[in-house]
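So the chains spell out like this:
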Amino acid sequence: MRVALIGNPNTGKTTLFNALTGLRQRVGNYPGVTVAKKSGLFSLADGTKVELIDLPGIYSLAAQSLDERVALDVLCNHIADTPPPDALLVVCDAANLLRNLFLPSQLAELGIPMVLVLNHMDEARRRGMTLDTELLSRRLGGVPVVPCSAVRAEGVPEIRAALAALRESPVKASRVAWDAPVQAAVERVRAAIERDTGKSLQPAEAQRVLFDANSPVLERLAWPAAKREPVLAEARELIRKSGANPFAVEALRHYARLRQALAGVVSEGGAATGVTQRLDAVLLHRVWGTVIFVAASLLVFLSIFWLAKFPMDWISAGVDRVKDAVGAMAWLGDKPMLHSLLSDGVVGGVGAFLVFLPQILILFFFISLLEDSGYMARAAFLMDKLFSWCGLNGKSFVPLLSGYACAVPSIMGTRTIEDPKARAATAFVVPFMSCSARFPVYALMIGAFITPKYGAWIGSLAMVGMHLLGLLVAVPTAFVATRFFLKVRPQPFVLEMPRYQLPRLRDTLWRMWMNAREFIEKAGTLIFAITVVVWALSWFPRDAAVAERVKTGYVAEVAARENIPVAEAAKRVEAPAPEPASPTEGAPVNPLAAELDHRTASAYIEDSYLGRFGKAVQPVFAPAGFDWKITVGVLASFPAREVIVSTLGITYSLGEGAEAESDDLRGAMARAVWPDGPKAGTPIFTVSVAVAIMAFFALCSQCGATLATLSRELGARWAAASFLYMTTLAWLAAVAIHQVGLLL
Amino acid sequence: MLSLSQLPVGRTARVIELNASRPVDQRLLALGLLPGMRVKVVRVAPLGDPIAIEFHNQCVSLRRAEAAEVIVEEERGADGERLKTND
């Protein structure tokens, strides 16, 4: 049995879904659209398996929003891999019954058997309302009406029983009694569509075409406007002549019918208890509301930015430990390639996506609290004006803010934005927010070239400036994208401010887990693949002759420096590490051998496919003042920008342990000069090069995980567009900065 | 008669008509904001937009531009009075 769960937003639909299906859930996407498709399994008392499809929360079948369109398409059998359900489970908020019955009244037009669930009965009781469910059932044509309180798991067995009974005798809700002219108009439209396109529409779909101005249902019909417009005009005129507005008649008729149906069903109360009003008086207050909002945002941000560092460090430490364990495996001793593949490719690749989990879990913890409590709608209300002018909306705030910590969870977090246009634009500009992985680059460049020259004040100012740069680009990007490129219908920003509710820990943990699982399953494999590919590019071809050449050169250099014979120098370089002076000093190192290792690693990366590619494309980056080492660093950083520091460490022969704060790396970079060409002998890193590098990293799309997530959330085209746009912009900015720097 | 976007905070008015061919007005109709319904502007966001309105015992936020074509008639002396369910 296939059952669709449907209802207004804020009706506790998700809680009910979880209560019914438990752990047996699957999340996917409807083909071609970014609406999440959630389904789960449960059994009825008689052993019947029920597949429950969680349709998006909607107010109406009007199919204006993507969510509404998907719901209508599923119900009318237009989605290939999702056959229409055998029954509907319609969730209503018992405390706001009239409005919540509008959707089931529309759904009755589809003629699918349904069970009405009146959720939030606890809230209705608290308000002193009593509901005559028997009477309501009779008024709606005998459909089962089940009172329920999903948060307390009350009424859940009764829902199962009602579905079992529905299997025996399918009951459909009675349809609204349309006035004859409306009925005739619907029929006329239906007949005309069948005549002109050969497609047979259900009355519910024909109503959408008639009742909604420019309905998206038309997009599927391919009904030529020349034939369509006269038919629709005539049908609407028919309704107008009967004294009704064709665009309003549907709502008026349904509501008139529901008012009658509810007479005597709802007794007393209904008025809100006042808690929500009192909370709103503070939380939406001009001053206090703003202060609380800023404080809450800071809490969310610091949690992702700072708190997540601890579990992320544990994961990194764990990954390092596994790498060490791999290195310690004796059989790998003479197979350096396999060793490197396993530790840097495979283990590193797993670590590359595991490290995002803490931030994803923490962000969805807060998103769940904000949404389930009802505060998210208030936050959007407070912030909307800041974002509406550039095509985003108040709900863009949380993803943009958390983008300063990490784009990956933030892009996933744009799911809270209902408007597909604002959602796509927000997800598209989130990667411009200066995430924490960019910080080491800024720290390295500012510490090496800005602060020493201009002092700490200018250095700090540069740091702030780099964090603002992405935002300054993101805003016009969103403005242009929403205005000219996003061909999605604009959505009204009509947002229900739901009652405040205590979030349930179970639902919160659930949401954290589902999102983390989805990330690992969908984005994880892609991130892993990228890591392995880049590992291969920087490892191969690894010609042994390179190591020989470096060694010969280094031995000769040592011999000349120490004024000793070459054979003696070779012996010193190859000498085993001295005995440790004390056991506490850690692993002993032969400094000459370590230096040789670093130089060999540097030579290998120069000779690798990545290094060769870097040298080949260096001319592209020459106008920005980048030499081949910076270029290789930039290229190696495309899967994950934080790699830049360790890559520079390797290319500058300092080993991969180099850190942004290390004086070694700063010194080596400051000493680097152009080996040949017109600028031979002059320093590579001037202030303008350093700033150009920072600007490049601030704007460039250097994060495989972000692209994998974008591709997952919005589609591969979006990911490709983001990559091209950000990378081009980064190059332009770097070149512009360096060229202006040269003129000064 | 004035537009809902011009109704001052705290005032209650009666809906005269909506421009039902606009998607936003159709959404409001679906939410139950029908002609004849009483509606109150409960508050304005700190930055001046959007506004929060209350009707039929529910609170909804919408942008001023979206409220512009909802025509209402102010009810004098109805300040602060709670809106009834069976309006």
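Residues numbered from 1 in each chain as written. Chains lettered and ligands numbered in written order. Predicted model: local features only at pLDDT ≥ 70, side-chain atom pairs only at ≥ 80, totals over all residues. Heavy atoms only, no water.

Right, let's talk about the overall build of chain B for a bit. A tally of regular secondary structure across chain B gives two helices and six strands. Listing each helix as α and each strand as β along chain B from the N terminus yields β-β-α-β-β-β-α-β. Pairs at least 24 apart in sequence give 62% of the contacts found in chain B among residues at least 6 apart. (Helix = DSSP H or I, 4+ residues; strand = E, 2+ residues; numbered from the N terminus. Contact = heavy atoms within 4.5 Å.)

The next thing to look at is empty space enclosed by the protein. Applying the stated criterion across every chain yields a total of five cavities of 30 Å³ or more. Considered as a void within the structure, the largest cavity measures approximately 110 Å³ in volume. Lining the largest cavity are 16 residues, with A:Ser60, A:Ala62, A:Glu250, B:Gln26 and B:Ala30 positioned closest to its centre. Only α3 (97-107), α8 (203-211) and α11 (249-262) of chain A together with α1 (23-30) of chain B provide two or more residues apiece to the lining of the largest cavity. Counting residues per element, the lining of the largest cavity draws most heavily on α1(B), at four residues. Of the residues in the lining of the largest cavity, the class split is seven nonpolar, four polar and five charged. Looking at the lining of the largest cavity, you find at least three residues from each of domain 1 (2-168) and domain 2 (180-243) of chain A. (1 Å grid on protein atoms, 1.4 Å probe; cavity = no way out; pocket = protein on both sides within 12 Å on 5 of 7 lines; lining within 4 Å. Points joined across faces, edges and corners; volume = space filled by probe spheres on them. Nonpolar A, V, L, I, M, F, W, Y, C, P; charged D, E, K, R; others polar. Domains from an automatic or database assignment.)

This part covers the packing of aromatic side chains. Residue and element names in this part refer to chain A. Evaluation of the coordinates by the stated rule reveals 19 aromatic pairs over all chains. Pairing phenylalanine 356 with phenylalanine 519 gives two aromatic rings, centres 6.0 Å apart and planes at 70 degrees, and the pair type is edge-to-face. Here phenylalanine 519 lies in helix α23 (residues 505-539) and phenylalanine 356 lies in the loop between α15 (336-354) and α16 (357-373), a separation of 163 residues in the sequence. Neither residue differs from the other here; phenylalanine 356 and phenylalanine 519 are each classed as buried. (Phe/Tyr/Trp six-rings, centres within 6.5 Å; stacked < 30°, edge-to-face > 60°. Buried < 20%, exposed > 50% of the residue type's maximum accessible area, 1.4 Å probe, protein only.)

In this section: the environment of A:Thr11. All names here are of chain A. In this structure, threonine 11 sits in the loop between β1 (2-7) and α1 (13-21). In sequence terms threonine 11 and asparagine 100 are 89 residues apart; their C-alpha atoms lie 8.7 Å from each other. Once you skip the residues sitting within four places of it in the chain, threonine 11 turns out to touch Val91, Cys92, Asp93, Asn100, Asn119 and His120. A distance of 2.8 Å separates a polar side-chain atom of threonine 11 from the backbone oxygen of asparagine 8. (Polar contact = N/O pair within 3.5 Å; in protein donor to acceptor, adjacent residues only side chain to side chain.)

Right, let's talk about the nonpolar core for a bit. One finds A:Met445, A:Phe519, A:Phe626, A:Met669, A:Phe685, A:Ile693 and A:Phe696 to be the most contacted residues of the largest nonpolar core, which totals 122 residues. The element best represented in this core is helix α31 (residues 687-699) of chain A, accounting for 10 residues. (Core = buried A, V, L, I, M, F, W, Y, C linked by side-chain atoms within 4.5 Å.)

Tallying the contact residues gives 36 residues for chain B and 44 residues for chain A. Buried surface at the junction of chain B and chain A, both sides included, amounts to about 3,500 Å², of which 56% is carbon and sulfur. By the criterion of area lost to chain A, the three top residues of chain B are B:Arg27, B:Pro46 and B:Arg63, representing 19% of everything that side buries. There are two salt bridges connecting chain B and chain A. For A:Glu68, the salt bridge identified is with B:Arg27, shortest N-O distance 2.5 Å. For the pair chain B and chain A, the number of links is 14 residue pairs in polar contact (both at pLDDT 80 or more). Those elements giving two or more residues to the side of chain B that touches chain A turn out to be α1, β3 (38-44), β4 (51-55) and β5 (58-62) of chain B. In terms of residue count, the dominant contributor to the side of chain B that touches chain A is α1(B) (seven residues). Of the residues contributing to the side of chain B that touches chain A, the split by class is 20 nonpolar, eight polar and eight charged. Taken together, the three bridges between strand β10 (residues 495-497) of chain A and β5(B) define a ladder with antiparallel strand orientation. (Buried area = accessible area lost by both parts, 1.4 Å probe. Salt bridge = Lys/Arg side-chain N within 4 Å of Asp/Glu carboxyl O. Pairing = 2+ DSSP bridges.)

Our focus in this paragraph is the sheet that holds strand β2 (residues 25-29) of chain A. Adjacent strands of a sheet form backbone hydrogen bonds with each other and so pair up, either parallel or antiparallel. Residues and elements named next belong to chain A. Pairing in this open sheet of seven strands is mixed, and the strands run β2-β3-β4-β1-β5-β6-β8 from one edge to the other. Single-partner strands in this sheet number two, and they are β2 and β8 (145-147). Adjacent strand axes in the sheet meet at a mean angle of 25 degrees, parallel and antiparallel pairs treated alike. In terms of strand pairing, β2 meets strand β3 (residues 36-43) through five bridges, oriented antiparallel. Its bridge partner being in β3, arginine 26 is matched across the sheet by serine 39. Against the sheet, α1 contacts β1, β2, β3, β4 (49-54), β5 (87-93) and β6 (114-119), and its axis sits at roughly 40 degrees relative to β3. (Axes fitted to C-alpha atoms, helices over the stretch in contact; angles between N-to-C directions.)

On to the pattern of salt bridges. Residues and elements named next belong to chain A. Inspection of the entire model under this criterion finds 43 salt bridges over all chains. In this structure, aspartate 46 and arginine 167 form a salt bridge, with 3.5 Å as the shortest nitrogen-oxygen distance. Of this pair, aspartate 46 sits in the loop between β3 and β4 while arginine 167 sits in helix α6 (residues 156-168), and the two are 121 residues apart along the sequence. Note that arginine 499 is salt-bridged to aspartate 93, the shortest N-O span being 3.1 Å. In this pair, arginine 499 sits in the loop between β10 and α23 while aspartate 93 sits in strand β5, placing the two residues 406 residues apart along the sequence. Note on aspartate 93: relative accessible area 6%, which makes it buried.

The next point concerns the domain arrangement of chain A. Residues and elements named next belong to chain A. For chain A, the assigned domains are domain 1 (2-168), domain 2 (180-243) and domain 3 (543-579 + 589-598). Every contact between the two is made by 13 residues of domain 1 and, on the other side, 10 residues of domain 2. Across the domain 1-domain 2 interface, the total number found is two salt bridges. Arginine 69 is the partner of glutamate 219 in a salt bridge, and the nearest nitrogen-oxygen pair spans 3.1 Å. Here domain 1 and domain 2 share five residue pairs in polar contact (both at pLDDT 80 or more) between them. The greatest single-element share of the side of domain 1 that touches domain 2, amounting to four residues, is contributed by helix α2 (residues 66-75).

In space, the seven strands of this open sheet follow the order β10(A)-β5(B)-β4(B)-β3(B)-β2(B)-β6(B)-β1(B), with antiparallel pairing throughout. Edge positions in the sheet fall to β10 of chain A together with β1 (2-3) of chain B, since each of these pairs with one other strand and no more. Here strand β2 (residues 12-17) of chain B pairs with strand β6 (residues 71-74) of chain B via four bridges, running antiparallel. Within the sheet, the bridge partner assigned to B:Arg14 lies in β6(B) and is B:Glu73. Sheet strands in contact with helix α17 (residues 375-388) of chain A are β10 of chain A together with β3, β4 and β5 of chain B, and its direction is about 120 degrees off that of β10(A).

With that settled, consider a nonpolar patch on the surface. Residue and element names in this part refer to chain A. A cluster of nonpolar residues, Val294, Leu298, Leu302, Trp306, Leu307, Phe310 and Trp314, forms a patch on the protein surface that exposes about 740 Å² of accessible area. Mapped by element, the contributors of at least two residues to the nonpolar patch are α13 (288-307) and α14 (309-328). Here the nonpolar patch takes five residues from α13, the largest share from any one element. Checked against the element boundaries, leucine 307 lands in helix α13. For leucine 307, a relative accessible area of 40% puts it in the partly exposed group. (Patch = residues over 30% accessible without salt bridge, like charges linked within 9 Å, V, L, I, M, F, W, Y side chains within 5 Å. Areas by Shrake-Rupley, 256 points an atom, 1.4 Å probe, with all protein chains shown as cover.)

All right, on to the environment of A:Gly524 then. Residues and elements named next belong to chain A. Counting through the fold element by element, glycine 524 comes out in helix α23. A C-alpha to C-alpha distance of 32 Å links glycine 524 and valine 480, two positions 44 residues apart in sequence. Dropping the residues within four chain positions of it, glycine 524 is found in contact with Phe353 and Phe519.

Here we come to helix α24 (residues 544-562) of chain A. All names here are of chain A. Here α24 contains 19 residues, and its C-alpha end-to-end distance of 27 Å stays within 8% of the 27 Å for a straight helix at 1.5 Å per residue. For α24, every residue scored as buried is listed here: Val546, Val550, Tyr554, Val555, Val558 and Ala559. On its buried face, α24 is in contact with α25 (566-574) and α26 (591-607). The N-capping residue of α24, defined by a side-chain oxygen 3.0 Å from the backbone nitrogen of alanine 545, is aspartate 543. (Expected span 1.5 Å × (residues − 1).)

A word on unusual backbone geometry. In the segment running from A:Phe540 into A:Pro541, the intervening peptide bond is cis, with an omega of 0 degrees. Counting through the fold element by element, A:Pro541 comes out in the loop between α23 and α24. Put simply, B:Asp49 and B:Pro50 share a cis peptide bond, and its omega is -5 degrees. The residue B:Pro50 is located in the loop between β3 and β4 in this model. With a phi close to 60 degrees, A:His120 is a non-glycine residue in the positive phi region. Within the element layout of this structure, A:His120 appears in the loop between β6 and α4 (121-126). Phi is positive for A:Asn214, close to 55 degrees, though the residue is something other than glycine. Examined against the element boundaries, A:Asn214 turns out to sit in the loop between α8 and α9 (217-221). On the basis of relative accessible area, A:Asn214 is assigned to the exposed category, the value being 51%.

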